[in-house]
Amino acid sequence: MIKNLESTTNHLYSQSPGNIVSDMDGEKVMLSVRNGKYYNLGELGGEIWDLIKEPLTSQQLVANLRSKYDVDQTECEEQVIDFLSQLKKDGLITIEDKVNS
């Protein structure tokens, strides 16, 4: 559901502060200190979470994942946007306008 996020090519996504993250058997689990909820990010979600320690565009995330996994471009884009949309809904990421240089 790409419509859940604004124009993804012009935004940078990064982790919001205030989350406690741990690895459990290859999957990332997280406690949001802000809302008191636990999240199981899974293996790939955890990988995306690690990648957005520094601000990245959705296209950079997709390119990184596709370099590691055999996945269709469109499917990868949709899955990344869906995941980012859920993180945004729960207030777990920060979205900034990309500054063009």
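Above this note sits the structure.
Cut-offs and rules
- Residues numbered from 1 in each chain as written.
- Predicted model: local features only at pLDDT ≥ 70, side-chain atom pairs only at ≥ 80, totals over all residues.
- Heavy atoms only, no water.
- Helix = DSSP H or I, 4+ residues; strand = E, 2+ residues; numbered from the N terminus.
- Rg over C-alpha atoms; globule rule 2.2 N^0.38 Å.
- Pairing = 2+ DSSP bridges.
- Axes fitted to C-alpha atoms, helices over the stretch in contact; angles between N-to-C directions.
- Contact = heavy atoms within 4.5 Å.
- Parallel < 35°, antiparallel > 145°, perpendicular 65-115°, else oblique.
- Left-handed = near helix turned anticlockwise from the far one by under 90°.
- Core = buried A, V, L, I, M, F, W, Y, C linked by side-chain atoms within 4.5 Å.
- Buried < 20%, exposed > 50% of the residue type's maximum accessible area, 1.4 Å probe, protein only.

1. A closer look at the overall build of the chain
Piece 1. Looking only at helices and strands, the chain has three helices and five strands in total.
Piece 2. Listing the helices and strands of the chain from first to last along the sequence gives β-β-β-β-α-α-α-β.
Piece 3. Its C-alpha radius of gyration of 13 Å places the chain within 12% of the 13 Å reference for a compact globule of 101 residues.
Piece 4. Seen through its principal axes, the chain has C-alpha atoms that stretch 35 × 30 × 25 Å.

2. Some remarks on the sheet that holds strand E3 (residues 27-32)
Piece 1. If you walk across this open sheet you meet the three strands as E2-E3-E4, and the pairing is antiparallel. In this open sheet, the two edge strands, each paired with only one partner strand, are strand E2 (19-24) and strand E4 (38-41). Across the sheet, the axes of successive neighbouring strands diverge by a mean angle of 25°, strand direction being ignored.
Piece 2. Summarising the sheet, E3 and E4 pair through three bridges and their orientation is antiparallel. Bridge assignment links Met30 to a residue of E4, and that residue is Tyr39.

3. Topic: the side chain of Ser16
Piece 1. Position of Ser16 relative to the elements: it lies in the loop between strand E1 (11-15) and E2.
Piece 2. Beyond its immediate sequence surroundings of up to four residues, Ser16 is in contact with Trp49, Gly91, Leu92, Ile93 and Thr94.

4. Observations concerning the packing of helix H1 (residues 42-51) against helix H2 (residues 58-68)
Piece 1. Close contact between H1 and H2 brings their axes to 11 Å; oriented N to C, the two are set at 130°. As far as their axial angle goes, H2 and H1 are oblique. For H1 against H2, the interelement crossing comes out right-handed. Note on element contacts: H2 touches H1 through Leu61, Asn64, Leu65 and Lys68, opposite Glu47, Ile48 and Leu51.

5. What to know about the nonpolar core
Piece 1. By size, the foremost hydrophobic cluster in this structure holds 18 residues, and its most contacted members are Leu41, Trp49, Leu61, Val80, Leu84, Leu87 and Ile93.
Piece 2. Elements with a minimum of two residues in this core: E4, H1, H2 and helix H3 (73-89).
Piece 3. No other element matches the five residues that H3 contributes to this core.

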